[in-house]
Every structure is written in C-alpha cells, then in structure tokens.
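In case you want the letters, here they are:
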Amino acid sequence: GSLLFFISLLAFLLATTFGQHIGFTDPRILLLLGLAALFLLVFIYVEGRVVAPVVDLKLFANQQFGLNMIQRYLSFVMFVSVSLLLPFYLQTMLGHTPRAAGLLLVAIPIAFGTIAPVAGSLSDRLGARPVTALGLLLLFLGALSISRLTEQSSTVSYILHVLPFGLGMGIFQSPNNSVIMSLAPKERLGMASSLLSVVRTLGRSSGIAILGAFWAGRVLIYAGSNHSGDATTAPIPAQVAGFQEAFLVVAGFALFALLLTG
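About the cut-offs
Residues numbered from 1 in each chain as written. Predicted model: local features only at pLDDT ≥ 70, side-chain atom pairs only at ≥ 80, totals over all residues. Heavy atoms only, no water. Axes fitted to C-alpha atoms, helices over the stretch in contact; angles between N-to-C directions. Helix = DSSP H or I, 4+ residues; strand = E, 2+ residues; numbered from the N terminus. Parallel < 35°, antiparallel > 145°, perpendicular 65-115°, else oblique. Left-handed = near helix turned anticlockwise from the far one by under 90°. Contact = heavy atoms within 4.5 Å. Nonpolar A, V, L, I, M, F, W, Y, C, P; charged D, E, K, R; others polar. Phe/Tyr/Trp six-rings, centres within 6.5 Å; stacked < 30°, edge-to-face > 60°. Buried < 20%, exposed > 50% of the residue type's maximum accessible area, 1.4 Å probe, protein only.

A. Up close: the packing of helix α7 (residues 155-183) against helix α8 (residues 189-223). The N-to-C vectors of α7 and α8 enclose an angle of 150 degrees; their axes lie 9 Å apart at closest approach. In this view, α7 runs roughly antiparallel relative to α8, as classed from their interaxial angle. Where α7 crosses over α8, the two elements pack in a sense that is right-handed. Between α7, through Asn-177, Ile-180 and Met-181, and α8, the contact on the second element is made entirely by Leu-189, Ala-192, Ser-193 and Leu-196. Of the residues contributing to the contact of α7 with α8, the split by class is five nonpolar, two polar and no charged.

This is the structure in structure tokens:
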C-alpha cells in the first residue's frame with residue numbers, strides 16, 4: 001500500500017513540476033498523470049482487501065470524516081501559497097531585501113498563532129462547524145484581498161491585506177483537527193493522527209507544484225513570446241498579474257472548502 005501510494009504521488013508531483021516547462025498537454029505529462037490516477041485506484045483497491053491496511057478506508061464511510069479531510073488538504077494547498085508566492089512578491093515585485101521580506105512574512109504566522117487558541121476555545125463552546133466555516137470564510141476573503149495587491153502597495157497595505165488570511169488559517173485548524181479525531185473510532189486514533197500528517201504533507205507538496213506551475217504559466221503568458229527567460233525574470237507587471245490570478249485560484253479553493261461545510 002505504501003509503495004502504491006508513493007508511486008501515485010511521485011507521478012503526480014513529477015507531472016505538475018515538469019508540466020510547467022514542457023506543457024501539460026505533452027504526452028509524457030499526460031502519461032504521468034495517467035499513472036498517478038491508475039496507481040491511486042490500485043491503492044484504493046488493495047487497501048480495501050488487505051487485513052492490515054495502511055489506510056482503513058472504512059474511516060471514510062463517515063461522510064463528515066471524509067469532508068473534513070478534504071478541507072484539511074485544501075487548507076494546506078492554500079497555506080503553501082504564502083511561503084511560495086509571497087517571497088517572490090515582496091522581494092522581486094516590491095524590491096524588499098530578504099531580511100525585510102522575512103519580517104513581513106511573519107505577519108501571517110503571528111495572526112495564526114494568536115487566534116488559534118481562541119478558535120479552539122470557541123469550538124468547544126459553539127461547536128466545530130460554525131468556527132470552521134468562519135475560518136474558511138476568512139481564508140476566502142483573505143485570498144481575495146491578497147489578489148488585490150500590486151507593485152505599488154505599501155507595507156501597511158500589505159499587512160492589512162494578508163492578516164485575514166492568517167486569521168482564517170488559525171481559526172480553521174483547531175476545530176478541523178478536533179472534528180477529525182473525534183470521528184475516528186478509538187482503535188483507529190493512531191491511524192487518523194497519521195492521516196492528518198499525510199494530508200498536511202500532501203497538501204503542501206501538491207500545492208507547491210500546482211500553484212507554482214499556475215503562477216509560472218500565467219506570468220509567461222503575460223510576458224509574451226518575446227520573453228526568453230523564466231517567470232522570475234519576466235517584467236514586473238507580468239509577475240504581478242500572475243500573482244493576482246494565483247490568489248484568485250486560492251480563493252476558489254477556499255470557497256469550495258467552505259461549501260463542503262454544508
């Protein structure tokens with residue numbers, strides 16, 4: 001099971017990584033995506049029939065367990081956009097030094113860490129669903145807000161635009177973790193905990209590939225056929241346009257996750 005899942009994930013990440021260079025319609029990329037889907041299906045087939053599965057698929061018979069796992073996956077796809085795209089925005093597009101960019105990036109984790117304990121307490125009192133929905137709503141609004149940043153945005157404007165995103169992630173994580181663990185049977189708590197880690201890693205890995213490929217592709221389209229370098233050497237307006245569209249995609253992920261709350 002582990003080997004099948006590894007092959008599926010490897011094929012998917014290779015496809016999304018190299019697809020931005022040779023095109024996602026290239027036969028080699030389509031083959032990799034096909035292999036990823038095939039081995040995932042074989043993985044599901046095998047896991048449902050072995051005595052000691054890597055992942056007990058019966059856990060997903062509980063609809064809320066599956067939906068919350070999907071939301072968790074999407075949240076880390078969204079969160080990786082911060083570490084992937086904001087450094088490019090701050091250094092390349094706004095011209096900040098690495099030290100200044102690092103200090104500005106701290107705004108999101110500070111918001112995350114400050115609000116997360118409060119969100120956990122609210123979840124215990126009000127229930128997980130409304131708190132989770134609030135977090136995803138803030139993630140959606142935060143991504144839309146970040147998509148409005150330009151090459152002329154000031155430091156204060158940047159902080160105000162990214163704060164809702166950090167608050168949303170902090171509010172979402174605690175109740176999401178709590179719900180997933182509470183829905184798992186007692187004898188499967190270890191497996192559920194492991195799945196939380198796997199989904200987090202999978203979300204980050206695939207998020208880097210998906211959003212990185214999307215941003216680079218859109219930048220090169222905006223840069224035009226006369227541009228011969230990669231996305232990081234494209235004209236600043238082209239990089240900003242790609243950055244804005246990438247966060248609109250992130251907002252789309254957040255909206256989809258929000259709709260899953262019912």
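B. Representation of the packing of helix α3 (residues 63-93) against helix α9 (residues 236-259) within the structure. It is at 10 Å that the axes of α3 and α9 come closest, and there the two elements cross at 165 degrees. Judged on the interaxial angle alone, α9 and α3 are roughly antiparallel. Crossing angle aside, the handedness with which α3 passes α9 is left-handed. Residue-level contacts link Gln-71, Leu-74, Val-77, Met-78, Ser-81, Leu-85, Leu-86, Tyr-89, Thr-92 and Met-93 of α3 to Ile-236, Gln-239, Val-240, Phe-243, Ala-246, Phe-247, Val-250, Phe-253, Ala-254, Phe-256 and Ala-257 of α9. Grouping the amino acids of the contact of α3 with α9 by side-chain chemistry returns 17 nonpolar, four polar and no charged.

C. Molecular detail of the packing of aromatic side chains. Per the stated rule, a full pass over the model turns up five aromatic pairs. Centre to centre, the rings of Phe-5 and Phe-43 are 5.5 Å apart; their planes meet at 50 degrees, and the pair counts as tilted. With Phe-5 in helix α1 (residues 2-22) and Phe-43 in helix α2 (residues 27-47), the pair connects residues that are 38 residues apart, well separated along the chain. A ring pair is formed by Phe-88 and Trp-215, whose centres lie 5.1 Å apart and whose planes are at 25 degrees; its orientation type is stacked. Of the two residues, Phe-88 sits in helix α3 while Trp-215 sits in helix α8, which places them 127 residues apart along the sequence. Classification of Phe-88 as partly exposed rests on a relative accessible area of 27%. Site record: aromatic cluster; members linked through ring pairs are Tyr-89, Phe-243 and Phe-247.

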